[in-house]
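Breakdown of the fold
Below are the chains, spelled out letter by letter.
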Amino acid sequence: MIEAILLTIITAATPLVIAAIGELVTERAGVLNLGVEGMMIMGAVCAFAGSYLTGSPLLGVLCGIMGGALFSLLFGFLTLTLVTNQVATGLALTILGLGLSGQIGESFVGIPGVKLQPIVFPVLSDIPFVGPLLFKQDITFYLSIALIIGVNWFLFKSRTGLKMRAIGDNHGSAHALGINVIRTRYLAVMFGGACAGLAGAQLSLVYTPQWVENMSAGRGWIALALVVFASWRPWRVFAGGYIFGAVGILQLHAQAFGIGVPSQFLSMLPYAVTIVVLIIISHNRRTTLINTPASLGKPFVPDR
Amino acid sequence: MRIELEKRASASSLFQIVSPLLALALTLLFGALMFWMLGKNPGHALYAFFIEPLLEVWSLHELAIKAAPLILIAVGLSVCYRSNNWNIGAEGQFTIGAIVGSILPVLVPQWHSPMVLPLMLIMGAIGGALFAAIPALLKTRFNTNEILVSLMLVYIAQLFLDWLVRGPWRDPKGFNFPQTISFAKEAVLPELLESGRAHWAIVFALVAAVGVWFMMRYMLKGFEVTVLGRSERAGRFAGFSSRRMVWFSMMLSGAFAGLAGISEVSGSINHLQPSISPGYGFTAIIVAFLGRLNPLGIIVSGFILALTYLGGEAAQLSIGVSDKVTRVFQGLLLFFVLSCDTLILYRIRIIFGSDRAAAEGRS
Amino acid sequence: MTETIDKEAVPLLQVRGLTKYFGSFAANNAIDLTIAPGEIHALLGENGAGKSTLVKMLFGVLQPSAGEIVWTGKPQTVTSPGHARSLGIGMVFQHFSLFEALTVAENIALSLDPKIPLTKIAEEAAALSRAYGLPLDPSSHVADLSVGERQRIEIVRALLQNPKLIILDEPTSVLTPQEADKLFETLFKLKAEGRSVLYISHRLEEVQRICDRATVLRHGKVTGACDPRQETPASLARMMVGSEVAAVHRADANALGATLVDVRRLNVPARTPFAVTLKDVSLRVRAGEVLAIAGVAGNGQGELFDALSGEYPVADAETIRMRDKPVGRLGINGRRMLGAGFVPEERHGHAAVSDMSLSDNLLLSRSQSDRTAFLAGGFASVIRHDTIRSAAKRICDMMDVRKSGDDPAAASLSGGNLQKFIIGRELDRQPSILIVNQPTWGVDAGAASRIRQALIDLARSGSAVVVISQDLDEIFEVATNIAVISEGRLSQPFPAGELTLEKIGLLMGGIHDSTHGGETAHAH
């Protein structure tokens, strides 16, 4: 029983972790992309389409990643090249993503999808309890772990990561030092888009292997909140993702048990918890100020 | 090929007017392309989408009905966005406004009085304002991001409405349909003209737009909104309080969204049901930007976006494309509006090949 | 021997006809400049003369519109700062290009070969900083460092690349006189090693002291090339400014009147992690007095201004009194109604909203103090645009504000003209108290002298004036009394005539009692 619940928590937490770690990198480079929800749903529909058309869910995952990354490029072009308002453009990305995915996915409604198969590690997966949880998962779970470790290494150990943090801290100085601010930000935005797309692919190929309109159901926004919650640190994204995943799953189980609270109120829980968490994290202005990338959301036009 | 921006000495007044038109034209162009890819005749499809709904009286009424909430909400949002407060939860405030405004006709249906309707409208506006006060409170008190909070509250408001109409407020004689009893006659917003369904909501919207336009242009309050939106520090120097502005702008937009909510329920639907809005609260964001955050511009853009809803319904019937096309149109429009607005502040130069200036981009 | 001849023959850097247009405006117009190996070369010019544009082109941040840069005899297109560094050009920016959230070592690593590990960079930086007398801790975060320490990072960062030419942009503008002396020692060491220095400044005294040659810029053109030691300050100034700048006149001794500003033991905790705490600040300004507050940037000037202006009121009403009324808890408009006027340091986004018109910017500071004149309609507060526009015109005429158009956006004015408008906006009310932070920062000499004269005239007419400034020349020009702020503490005031540069330097370094010796608080 506990094992089954933990398994579903992992499945619920994985897309949140993946989308949030992508957005974390984008924001570390100083770009606020509020379009995570839109990129995620585009990833979901592209992944489903890819898997349905090729018959290979793995290719579907690839399509999801590409779909998210390409879609984020639209945001990148507007905010980085045309220097539009990042908040408004992010909203536009979400609105367009929800509409476009509905249009693309219209013919897929009601078609049963193919579930992404788990990769089973021999021997390790036979370890009681831990084995099935950690070594008998689909590729998105392994990727989510790899992304956390990889991003953590990239940001704090690699020189390119250092440059990215420098851009997020002060893009004017970074430009004066000869760091290519715009190109780095394009890459960061696309990484965020690819991750959101992967998270979407997980939704339509693992979490509920089918296409449903608006199936991201606000997870993109929760991922955005997670980045704030994590104060822009990869491992805290991981922890936060699992806390949010657990809340989402436990309320479902509570609904199934019928604990006497109307199901709607239980369904509100993930959203309410997000607000409460935001209050707790933002409450201390001092730490927020220190952690927030200083150039986050600010437009950058280089002198020429 | 690269694109370079060069800041204009001052904002181009030409492009302030041309930019939204250019955005509209580009949207139509891309729309035509999309219809062509869907295998439809683009000319025919665009005609069905954007012209046909304008040709009949009943559908002009429908246009006014759909434009009313869009304009009302967008006018409120324009004050928010101009003051740099990002309320994106108008859909939730719309929902709560509808719920609070419906308390009288649902719970006290036996009370027949001409006071019912005005009270409903006031309660709806208060409900929306109080719901918008939550992100305002959290932002001023705890420094919480109002974008995320106001959005999360949309989901909460919708679930709350869902619970009400399936639970305590469900019409016992309604064959188990998830909806409340129908409103009594005193609780229904009357129609404006003999010729069709359009009701008073559009008047509220126009009055709100003109009122806010006057405030933004001629009153110190409007000046305060603009200054605080441009620079919080300069606003503080002027003696304006950004904290109070958070409350003012959020609650004003919440009140307008709430009023839109109860007007829609009272005027068009006549009862509460799980879904009372085709996304007016989110579409109003597009309306606000297409109208360049100017209330008079918002009146125009409100009708344009209303047309995309109507056109979507019409096109579904006449040429057999899904109503999802509407959402795509709306999303595209916002994208083009934002891109074209760049032209107001910058000259755009496209540079081909790698000349001397292009070399500078490399490190 | 042949090597010296080569050096004579081949200049390190030669700039020919370098031109840079921004739109149709020529920021640099056919600049010629030659730097020999092993010399300290001054680039002189007042604010807006085009010095920064020129060095940005030399360092590859900007691309020239025309002209050529010849480096060690070979024409070069400096494509980027990285390219400039690889050529052997190092740069110390005026507004530091440092990253607050990163450590000293990380900051340095950003401009070095990515293959060098961070630990090695930290070691080298520490060693180098010791060798040149620039103590630094590589693992500390920049946000926690003083301005002087930040400059050391920039210098060490430039030196680590073993440059042949180091460009320093106004390096002493953020240093105490003692810190500046230390910097000069470092520069002489560099010169002795055969490196060249391009030293950008508008301070004549410094240039004469340390530079071998000088190139003078005005309005984007070269107006002179000379040996500064052969010139007089007056002749250099003429090359810089073009004509004699009106000298500021002040009365020999104002009769001081009643106390108008009285601050007693003001304590303000830091509002943000990067702010300074004000500790026990006391000051008193009488009618007819100009109290100048000197200090190195970032020692609490902004915080003091915020407390005096009421933008951030303080907890205890009695700690600040204006015209005998306790105003500590009063907001900025409440204090304005008592006859006070305020001019903050930052013009754009604080004193003025850049993309709003001048008349709107007039309303910005006077919507309450001039309520009856500027607003109508009682509660609705309808703005009287016409009245305000004519008032804005009156101010522009009074202060000789040069602008294009009737009521242009604040952003379209030059720094000096906008500052004249912002000062005029307050003078127009004839305030009995005026508090100004950095009145002539980044302002051309003509406007600066006009502004200083206006401040003195205001005091002479019986107002109390507080001038917070980093510019010691300005301080001595306008002050009746001088106090020095350092790390959030304010010294006692001294009559301007009794204070020497050395004494003021010690006070700026945080030494309030000279018996402590010459060691400054910033030195580690």
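Residues numbered from 1 in each chain as written. Chains lettered and ligands numbered in written order. Predicted model: local features only at pLDDT ≥ 70, side-chain atom pairs only at ≥ 80, totals over all residues.

Keep this limit in mind: UniProt positions are given in the numbering used here, feature names are shortened, and annotations may be inferred rather than shown by experiment.
Per an unreviewed UniProt entry, chain B goes by ABC transporter permease and derives from Rhizobium lemnae. Looking at chain B in UniProt, the text filed under Subcellular location (unreviewed entry) is "Cell membrane".

For chain A, an unreviewed UniProt entry supplies the name ABC transporter permease and the organism Rhizobium lemnae. Entered under Subcellular location (unreviewed entry) in the UniProt record, the comment concerning chain A runs "Cell membrane".

Focus on the overall build of chain B
The line we're drawing: The secondary structure listing takes helices from DSSP runs of H or I that are at least 4 residues long and strands from runs of E that are at least 2 residues long, numbered from the N terminus. Restricting the calculation to C-alpha atoms gives the radius of gyration, and the globule rule supplies 2.2 Å times the number of residues raised to the power 0.38. Three exposure classes are used, all based on how many other C-beta atoms lie within 10 Å of a residue's own C-beta (placed from the backbone): buried at 20 or more, exposed at 12 or fewer, and partly exposed between those limits. The contact criterion used here is simple: two residues whose C-beta atoms, placed from the backbone, lie within 7 Å are in contact.
When helices and strands are tallied, chain B shows 15 helices and two strands. Radius of gyration (C-alpha) of chain B: 22 Å, near the 21 Å computed for a compact globule of 363 residues. In chain B, which comprises 363 residues, the share counted as buried stands at 54%. Taking all contacts inside chain B whose residues are at least 6 apart in sequence as the whole, residues at least 24 apart take part in 77%.

Some thoughts on the interface of chain A and chain B
Quick reminder of the rule: Throughout, the ten residues Ala, Val, Leu, Ile, Met, Phe, Trp, Tyr, Cys and Pro are labelled nonpolar, Asp, Glu, Lys and Arg are labelled charged, and all others, Gly among them, are labelled polar.
Taken together, the contact pairs 45 residues of chain A with 45 residues of chain B. Elements with a minimum of two residues in the side of chain A that touches chain B: helix 3 (57–81), helix 4 (86–105), helix 10 (219–229), helix 12 (263–283) and helix 13 (285–291) of chain A. Here the residues of the side of chain A that touches chain B are counted per class, giving 26 nonpolar, 16 polar and three charged.

Concerning the interface of chain C and chain A
The extent of an interface is frequently quoted as the accessible surface area lost upon association of the parts. Contact residues are listed per partner, giving 21 residues for chain C and 17 residues for chain A. Going through the elements one at a time, helix 3 (81–87) and helix 4 (104–109) of chain C are the ones with two or more residues in the side of chain C that touches chain A. Its residues placed into classes, the side of chain C that touches chain A shows twelve nonpolar, seven polar and two charged.

Description of the sheet that holds strand 3 (residues 40–44) of chain C
Residues and elements named next belong to chain C. Test applied: Here a strand pair is declared whenever DSSP counts at least two bridges between the two strands. Here an angle of 0 to 180 degrees is reported between the N-to-C directions of two axes, which are lines fitted to C-alpha atoms, with helices fitted over the stretch in contact.
Taken in spatial order, the six strands line up as 6-7-8-3-9-10 in an open sheet, and their pairing is mixed. This sheet does not close on itself; its edge strands, each paired only once, are strand 6 (89–92) and strand 10 (221–226). When strand polarity is set aside, the average angle formed by the axes of neighbouring strands in this sheet is 20 degrees. The pairing of strand 3 with strand 8 (residues 196–201) spans five bridges and is classified as parallel. For leucine 43, the partnering residue across the bridge sits in strand 8 and is isoleucine 200. This element, helix 2 (residues 51–58), spans strand 3, strand 6, strand 7 (165–169), strand 8 and strand 9 (213–218) of the sheet and lies at about 150 degrees to strand 7.

With respect to the sheet that holds strand 2 (residues 25–35) of chain C
Residue and element names in this part refer to chain C. Read from one edge of the open sheet, four strands run 2-1-4-5, paired in antiparallel fashion. Lying at the two open borders of the sheet, with one neighbouring strand each, are strand 2 and strand 5 (74–76). Each strand of the sheet is rotated relative to its neighbour by a mean of 30 degrees, with strand direction disregarded. Two strands pair when backbone bridges link them, and strand 4 (residues 66–71) and strand 5 are joined in this way by three bridges, in the antiparallel orientation. From the neighbouring strand, tryptophan 71 faces strand 5, where its bridge partner is lysine 74.

Considering the UniProt feature "transmembrane region" (unreviewed entry) in chain A
Residues annotated by UniProt as "transmembrane region" (unreviewed entry) correspond here to residues 29–51, 58–83, 139–156, 186–208, 214–232, 239–259 and 265–281 of chain A. Each end of residues 139–156 of chain A is marked by a C-alpha atom, and these two atoms are 26 Å apart; helix forms 100% of the span and strand 0%.

Focus on the packing of helix 15 (residues 415–427) of chain C against helix 16 (residues 445–460) of chain C
Residue and element names in this part refer to chain C. The criterion, for reference: Put simply, angles under 35 degrees are roughly parallel, angles over 145 are roughly antiparallel, angles from 65 to 115 are roughly perpendicular, and the rest are oblique. Take the far helix as the reference: if the near one is turned anticlockwise from it by less than a right angle, the crossing is left-handed, and if turned clockwise, right-handed.
Contact pair helix 15 / helix 16: the axes reach a minimum separation of 10 Å and the direction vectors enclose 15 degrees. In this view, helix 15 runs roughly parallel relative to helix 16, as classed from their interaxial angle. As helix 15 runs across helix 16, the sense of the crossing is left-handed. Together, Gly416, Asn417, Gln419, Lys420, Ile423 and Leu427 of helix 15 and Ala447, Arg450, Ile451, Ala454 and Leu458 of helix 16 make up the contact between the two elements.

Re the nonpolar core
Let me state the cut-off plainly: The nonpolar core criterion groups buried Ala, Val, Leu, Ile, Met, Phe, Trp, Tyr and Cys residues into a set whenever they are joined through C-beta atoms within 7 Å. Domain segmentation is taken from an automatic or database assignment of domains.
One finds Ile71 and Ile73 of chain B to be the most contacted residues of the largest nonpolar core, which totals 385 residues. In this structure, this core is formed jointly by two domains, domain 1 (2–241) and domain 2 (259–350 + 430–516) of chain C, each of which donates at least three residues. Excluding residues within four positions of it along the chain, isoleucine 73 of chain B makes contact with Ala90, Phe94, Phe256, Ala257, Ala260, Tyr280, Gly281 and Ala284 of chain B.

Some thoughts on the pairing of strand 2 of chain C
All names here are of chain C. The pairing of strand 1 (residues 13–22) with strand 2 spans seven bridges and is antiparallel. Note on strand 2: the bridge partner recorded for phenylalanine 22 is phenylalanine 25. Taking the residues between adjacent antiparallel strands as the criterion, strand 1 and strand 2 are bridged by two residues, where glycine 23 takes a positive phi near 65 degrees.

Considerations on the pairing of strand 4 of chain C
Residues and elements named next belong to chain C. Sheet topology note: the strand 1/strand 4 ladder contains five bridges and is antiparallel. Counterpart to arginine 16 in the pairing with strand 4 is glutamate 68. In this antiparallel pair of consecutive strands, strand 4 and strand 5, the connection spans two residues, and threonine 72 shows a positive phi of 45 degrees.

Comments concerning unusual backbone geometry
Residues and elements named next belong to chain A. Positive phi values are uncommon outside glycine, yet tryptophan 232 reaches one of about 60 degrees. When you line up the elements, tryptophan 232 lands in the loop between helix 10 and helix 11 (234–257). Overall, the presence of 20 C-beta atoms within 10 Å leaves tryptophan 232 in the buried class.

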